[in-house]
Amino acid sequence: MLQVDQLTTADPKVSLQDISFQFDAGNIYTILGRTGAGKTELLRALMGLNQLVEGDIQLDGQSIAKRPVKDRSMSLVYQQFINYPHLSVLDNVAFPLRRQGKRKAEAQLLAAKMLMTVGLGDFLQRRPAQLSGGQP
Amino acid sequence: MNKFYHILKTLFLFGWSLFVVFPFLWALTTSFKDANAITSGATYIPWVDYEPSTQGWTSLFTTGSQGINIVGPFIDSAAVTLIASLVSLALGTLAAYGLSRFEYRLGFVKNADITFFFISQRIMPPIVLAIPFFLMLKELGALDTIFGLVLVYVALLLPIAVWVMTDFFAGIPKELDEMAMTDGCSPIGAFFRVILPNSVPGLVVAGMFCLIFGWNDFFFAFTLTFTETQLLPVSIVSLNSSVTPWWSLSAFALISVAPLACVAVIVERYMSRGTMSGAIR
Amino acid sequence: MLSSKHFFLLPALLTLVAIILFPLLFTIRVSFSSWDVFQSGLDYIGGKNYGRVFADERFWQSLGRLSLLSLISVSLQYTLGFALALAVWKQVRGGRFLRVLFLIPMMTTPVVMSVIWRTVFHESLGPANDILGMFGIGAVPWLSSATGAFISVLIVEVWQWTPFMFLLLLAGLVSLPREPYLAAAIDGAGAWRTFWQVTFPLMAPITIGALIIRLIEASKIMDTVYVLTSGGPGTATETSSYYIYIRGLRDFQIGYSAALSLVYLVIMIVSLTVIAKLLLRLLVGKVG
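Residues numbered from 1 in each chain as written. Chains lettered and ligands numbered in written order. Predicted model: local features only at pLDDT ≥ 70, side-chain atom pairs only at ≥ 80, totals over all residues.

Helix and strand counts for chain B come out as 13 helices and 2 strands. In terms of overall dimensions, chain B is more spread out than a globule: its C-alpha atoms have a radius of gyration of 24 Å, far above the 19 Å expected for 281 residues. Each principal axis of the C-alpha distribution contributes one length, and for chain B these read about 75 × 65 × 30 Å. Expressed as a percentage of the 281 residues in chain B, the buried residues total 48%. (Helix = DSSP H or I, 4+ residues; strand = E, 2+ residues; numbered from the N terminus. Rg over C-alpha atoms; globule rule 2.2 N^0.38 Å. Buried ≥ 20, exposed ≤ 12 C-beta atoms within 10 Å, placed from the backbone.)

This paragraph deals with the overall build of chain C. When helices and strands are tallied, chain C shows 13 helices and 0 strands. Scanning chain C from its N terminus toward the C terminus, one meets helices and strands in the order α-α-α-α-α-α-α-α-α-α-α-α-α. Expressed as lengths along the three principal axes of its C-alpha atoms, the size of chain C is roughly 75 × 70 × 35 Å. By sequence separation, contacts in chain C at least 24 residues apart represent 68% of the contacts at least 6 residues apart. (Contact = placed C-beta atoms within 7 Å.)

Ala95, Val154, Leu157, Leu158, Ala161 and Ala253 of chain B are the most contacted members of the largest nonpolar core, which totals 171 residues. Considering every element that reaches this core, the biggest residue donor is helix α7 (residues 146-170) of chain B, with 18 residues. The next biggest cluster of nonpolar side chains, apart from the first, holds 7 residues, and it includes Val4, Leu7, Ala45 and Leu46 of chain A. (Core = buried A, V, L, I, M, F, W, Y, C linked by C-beta atoms within 7 Å.)

Another aspect to go through is the interface of chain C and chain B. Contact residues are listed per partner, giving 67 residues for chain C and 73 residues for chain B. No other element matches the 15 residues that helix α1 (residues 2-30) of chain C contributes to the side of chain C that touches chain B. Residue classes in the side of chain C that touches chain B are distributed as 51 nonpolar, 11 polar and 5 charged. (Nonpolar A, V, L, I, M, F, W, Y, C, P; charged D, E, K, R; others polar.)

With 19 residues of chain B in contact, the opposing surface of chain A contributes 22 residues. Here the side of chain B that touches chain A takes 6 residues from helix α8 (residues 174-182) of chain B, the largest share from any one element. Within the side of chain B that touches chain A, the residues separate by chemical class into 9 nonpolar, 6 polar and 4 charged.

All names here are of chain A. Read across the open sheet, the 4 strands follow the order β2-β1-β3-β4; overall the sheet is antiparallel. Of all strands in the sheet, those bounded by a partner on one side alone are β2 (19-23) and β4 (62-63). The strands touched by helix α1 (residues 39-47) are β1 (2-9), β2 and β3 (52-59); relative to β1, the strand with the most contacts, the crossing angle is about 110°. (Pairing = 2+ DSSP bridges. Axes fitted to C-alpha atoms, helices over the stretch in contact; angles between N-to-C directions.)

With that settled, the discussion passes to the packing of helix α7 (residues 146-174) of chain C against helix α10 (residues 204-218) of chain C. Residue and element names in this part refer to chain C. At a minimum axis distance of 10 Å, the contact between α7 and α10 shows a crossing angle of 160°. Relative to α10, α7 is oriented roughly antiparallel. Read as a crossing pair, α7 and α10 show a hand that is right-handed. Between α7 and α10, the residues in contact are Trp161, Phe164, Met165, Leu168, Leu169 and Gly172 and Ile206, Gly209, Ala210 and Arg214, respectively. Counted by class, the contact of α7 with α10 contains 7 nonpolar, 2 polar and 1 charged residues. (Parallel < 35°, antiparallel > 145°, perpendicular 65-115°, else oblique. Left-handed = near helix turned anticlockwise from the far one by under 90°.)

With that settled, consider helix α6 (residues 126-140) of chain B. Residue and element names in this part refer to chain B. An ideal rise of 1.5 Å per residue puts 21 Å on 15 residues; α6 measures up with 20 Å between its terminal C-alpha atoms. At Pro132, α6 is deflected by roughly 30°, the largest bend along its length. Taking burial as the measure, the 15 residues of α6 include 11 buried ones, the bulk of the element. For α6, every residue scored as buried is listed here: Pro126, Ile127, Val128, Leu129, Ala130, Ile131, Pro132, Phe133, Phe134, Met136 and Leu137. Looking at the residues trailing α6, positive phi occurs at Gly141, about 70°. (Expected span 1.5 Å × (residues − 1). Bend = angle between axes of the 7 residues up to and from the residue.)

Right, let's get into helix α4 (residues 95-107) of chain C. With 13 residues, α4 of chain C should cover 18 Å at 1.5 Å per step; its first-to-last C-alpha distance of 19 Å lies within 8% of that length. Buried within α4 of chain C we find Leu98, Arg99, Phe102, Leu103, Ile104, Pro105, Met106 and Met107 of chain C.

Right, let's get into unusual backbone geometry. Both trends apply: most residues other than glycine have a negative phi, and most peptide bonds are in trans. One non-glycine residue, Asp18 of chain A, lies in the positive phi region at around 55°. If you trace the backbone, Asp18 of chain A turns up in the loop between β1 and β2. One non-glycine residue, Asp144 of chain B, lies in positive phi territory at about 65°.

The next thing to look at is the packing of helix α1 (residues 2-30) of chain B against helix α3 (residues 57-89) of chain C. One can describe the packing of α1 of chain B onto α3 of chain C by two numbers: an axis separation of 10 Å at closest approach and a directional angle of 120°. On the basis of the axis angle, α1 of chain B is oblique to α3 of chain C. Between α1 of chain B and α3 of chain C lies a crossing whose hand is left-handed. Listed contacts from α3 of chain C to Lys9, Phe12, Leu13 and Trp16 of chain B of α1 of chain B are Ala83, Leu84 and Ala87 of chain C. Of the residues that constitute the contact of α1 of chain B with α3 of chain C, the class distribution is 6 nonpolar, no polar and 1 charged.

To continue, consider the confidence of the model for chain C. Residues with a pLDDT of 70 or more make up 97% of chain C, whose mean pLDDT is 88. Interface confidence for the predicted complex, expressed as ipTM, amounts to 0.88; the pTM equals 0.86. (pLDDT = per-residue confidence, 0-100.)

What follows deals with the pairing of β3 of chain A. Residues and elements named next belong to chain A. In this sheet, β3 lies alongside β1 in antiparallel orientation, the contact comprising 6 bridges. Residue Gln3 lies in a different strand from β3, and its bridge partner there is Gln58. As judged from the 2 bridges shared by β3 and β4, these two strands associate in the antiparallel manner. Each residue of the ladder has a partner; that of Gln58, found in β4, is Ser63.

Bringing the confidence of the model for chain B into the picture now. Residue and element names in this part refer to chain B. Of the residues in chain B, 93% reach a pLDDT of 70 or more, and the chain-wide mean stands at 85. In the model of chain B, helix α2 (residues 35-39) stands out as the element of lowest mean pLDDT, 77, in contrast to helix α4 (residues 71-101), which has the highest, 94. Here residues 274-281 scores under 50 on pLDDT; set against residues more than four positions off or in separate chains, the count is 19 contacts.

Assignment of secondary structure puts Tyr104 of chain B in the loop between α4 and β1 (105-106). When the 18 C-beta atoms within 10 Å are taken as the criterion, Tyr104 of chain B is described as partly exposed. Sequence spacing of Tyr104 of chain B and Thr182 of chain B is 78 residues, and the spatial spacing of their C-alpha atoms is 23 Å. The residues contacting Tyr104 of chain B, other than those within four sequence positions of it, are Lys110, Asn111 and Ile114 of chain B together with Leu9 of chain C.

All names here are of chain B. Here Ala258 shows up in helix α13 (residues 246-271). We classify Ala258 as exposed; it has 12 C-beta atoms within 10 Å. Sequence separation between Ala258 and Ile70 is 188 residues, and the spatial gap between their C-alpha atoms is 13 Å.

Laid out in structure tokens, this is it:
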């Protein structure tokens, strides 16, 4: 369960003021709004990429508003596809697994399985730049 | 019209190439001359115009009163330049990354002002700093040492590293850092694991500029070292003021400019390469 | 977050402050003292040194000479560098080789090359007069006449630093967008008009950057002068840096040279800022 209380940010372009809501576990939620309304700002604030001026964010009852980005156990899929240009496709997928403390072999095995599931099994050792737009 | 333009262009390129290589060719041919060949006026082609001799080159590797030793100055030059470049590159890259990603504020001083402070050091004429540097190194007991020169050269090269790298990091999308952090990196981890490995082209360019300005500096080496530490530019100038024969001088000059002339090949390669095209698509 | 952001900036900032700021403050203090060969120490004589600077004709002449030298050499470097960059921009036979060749002079040590240039300009034994002689031109007093020495310094500066202009301008040309050229071609603009209406305006930001960087570096010139002419004949090629060097580290008038160097620094900063503003208005104004 994600609970947001009176969230206020100080982003120079779009600042959010006094946002409160609650998302229950197991549901899919959609945030609608016109361009510039602050949808991205909200997501970034939840992730910890934008600083809060006021308010609190609670995940399963624990406040995460003060935690650094990496300790929030949240993830974000960008609109544009972003990848690590210096790593192979396999290592791109294994990267977050490695950061969670998995050993290299274990992370790579898991990543390879996932890539095969989505049909990218033939491209494990390629660099992202060598894939065409449709493939990622 | 088009043909005329083409001929003009070819002539221009040819003329300039000649101008560029001329001093090198002159030094090369002079380095194989002896006293007779020099004093009989300007000559160019060995065996035809004069009888070549290798004493210009051999004298550089002989010690004692007959020789001019180039090995010592070469090692000193290489040591000072390499150490100072590495230190500047390391410090400068970190600072440039910080300035491109975080907000700093100290009273009215903001990021742009800090960046400007770094880069503006290039305006400082060496002569303004020469005397205080002299006294400062004397106080530290670092006059005439490699350490002292490294210290001064870091001040000289750091602005260059910061300047090239801020420019470079500005071209790396911020989303890359952010993704690294959502994938579980700390800010420092994101820099070392993701940004740094993708910064090789920028590092090469910044490194090249550090090497060029370090290796080619004369003034500070000239005012801050005497006998113990001697860099190439200083030794050639002290040769120049004594009655050193042109053949040794020429050979000496060619050896001391050779390492960086090779760098031109690398700079050309990196000059026009798009660097971050793979990050966002 | 707080600690990691300082991890990046502080090491470099503190290093630079320690190595630059203290010496600068010290210079300011010394400029108010009479420190010289006879009296080494920080006494206080007020603004006397500065008064002397304003009455020092030799200093102001060296400044005028420096301005002339920098303006002429940087304009030549820019014009030649731009021409060279344009010439090898589109596919040329051996273009790669030419680019490397054109870059080499800026990689070489100025004083070392000056030592070579001195032999080139030697009036009886050097090749410069020898080659001119082949075309029937009499011996030029390269280093022993005021004009000759000035031109020699100019030639060496142009040889050394045109490559820098070439490098920046070519890098700029390579990254220019295609569309404006298509538009110009559709309008039927010739090469000459395309250059003035498309290339030149698009290159304005790089032009300004390159000119400023070169002016900054040129304003510090002293290595080449020291080796080539030692400021001579007389004071014909003496630049400000070189004059301050003579006063400070040769005559050992520490206090006075500190005042000289600060006046010089302030003049440099002010005039370069003015030039930068003027260039911005002149070149970018045209685009917008």
